[in-house]
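# Fold and geometry: a report
This is what each chain is made of:
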Amino acid sequence: MEQPVLLVAHHAGIVTLTLNRPTVRNALDLALARAIATTAQELAQDASLRLVVLRGTPPAFCAGADLTERSKMSPRERTAHTDAIAAAVEAIAELPVPTIAAISGACLAGGAELALACDLRFADTTARIGFPEVRRGIFPGAGGVLRLPQLVGRGRAADLLFSGRTLDAQEAFRIGLIDQLCEPGHLDTMLDHWITELRQAAPGAVRAVKAALQRALTTDAVTLADIRSLRRALDESPEYEEGLRAFAERRPPSWVTG
């Protein structure tokens, strides 16, 4: 029997959401994006919820949008795919309790945007984080261009977003993109220790702190809509067509410059 694309585990107010498409490094197809959004929206109504942990079935956290699926889509379908991922990211960001991205392996593009939507990012040293969208003719359209500067500063964000380069875990930790770092095999121990600390805090007070942080850091709807309109225009661009072809053909893209 085929397993669901999103695994949900509940334990005493702690919910773990596990992206479960390991053969494609947990790439976000429409089904997975929609499952994340729906599940997060349902969890937001649970008064007993204390913490949500987001992780991926090994070997990766999430490699981003499923470009194999997207390469077969029309521009309009691509936009719907992007919007579904953005909805998943926002549903995670809007959860009323602390959220932790537990990162092992690749955390790229839409996967990195999911991680940015969490309050904290814990990782082991196998983690690799990046925003390679510009190398496919697009850019992070699910809030990454807005959240990344808040975490690492505008200059470092510009460096990463303009180049599309990937950081190893040590560099991501050094610049503040990762909050806690451990050796492989110790991620669960690190999470358990933090959960023990969290349980000493009053649930209502923690929810109030989360609400205050959301008001201080979340981007207004107008700005987010502007970002999405910029991204939507690229869904029909020749550059994106070339980026998807190059991905499918496993070659570097050939950009035409004027």
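Quick summary incoming for the structure in this document. (Residues numbered from 1 in each chain as written. Predicted model: local features only at pLDDT ≥ 70, side-chain atom pairs only at ≥ 80, totals over all residues. Heavy atoms only, no water.)

With that settled, consider the pairing of strand β3 (residues 51-56). Across the six residues that make up β3, a large majority, five, are buried. Two elements, strand β2 (residues 14-19) and β3, share six bridges in a ladder whose sense is parallel. The residue of β3 that forms the bridge with Ile 14 is Leu 51. In the classification by handedness, the crossover that spans β2, the intervening helix α1 (residues 30-43) and the parallel β3 is right-handed. (Buried < 20%, exposed > 50% of the residue type's maximum accessible area, 1.4 Å probe, protein only. Helix = DSSP H or I, 4+ residues; strand = E, 2+ residues; numbered from the N terminus. Pairing = 2+ DSSP bridges. Right-handed = clockwise from strand over helix to strand, strands pointing away.)

Ordered by their spatial adjacency, three strands build an open sheet running β5-β7-β8, and the pairing between neighbours is mixed. The sheet is open, and its two edges are formed by β5 (106-108) and β8 (166-168), each paired on a single side. Strand-to-strand twist across the sheet, computed as the mean angle between neighbouring axes with direction ignored, equals 20°. In this sheet, strand β7 (residues 128-130) lies alongside β5 in parallel orientation, the contact comprising three bridges. Bridge pairing links Cys 107 to Ile 129 in β7. Where helix α4 (residues 110-117) meets the sheet, its contacts fall on β5 and β7, and the angle it forms with β5 comes to roughly 90°. (Axes fitted to C-alpha atoms, helices over the stretch in contact; angles between N-to-C directions. Contact = heavy atoms within 4.5 Å.)

Ranked by internal contacts, the top residues of the largest apolar core, which has 58 residues, are Ile 36, Ile 92, Ile 103, Leu 148 and Leu 177. In terms of residue count, the dominant contributor to this core is helix α3 (residues 75-93) (eight residues). The contact partners of Ile 103, leaving out residues within four places of it in the chain, are Phe 61, Ala 115, Arg 121, Phe 122, Ala 123, Asp 124, Ala 127, Ile 129 and Leu 187. By size, the runner-up hydrophobic cluster in this structure holds 13 residues, among which are Ile 14, Ile 100, Ile 195 and Leu 198. (Core = buried A, V, L, I, M, F, W, Y, C linked by side-chain atoms within 4.5 Å.)

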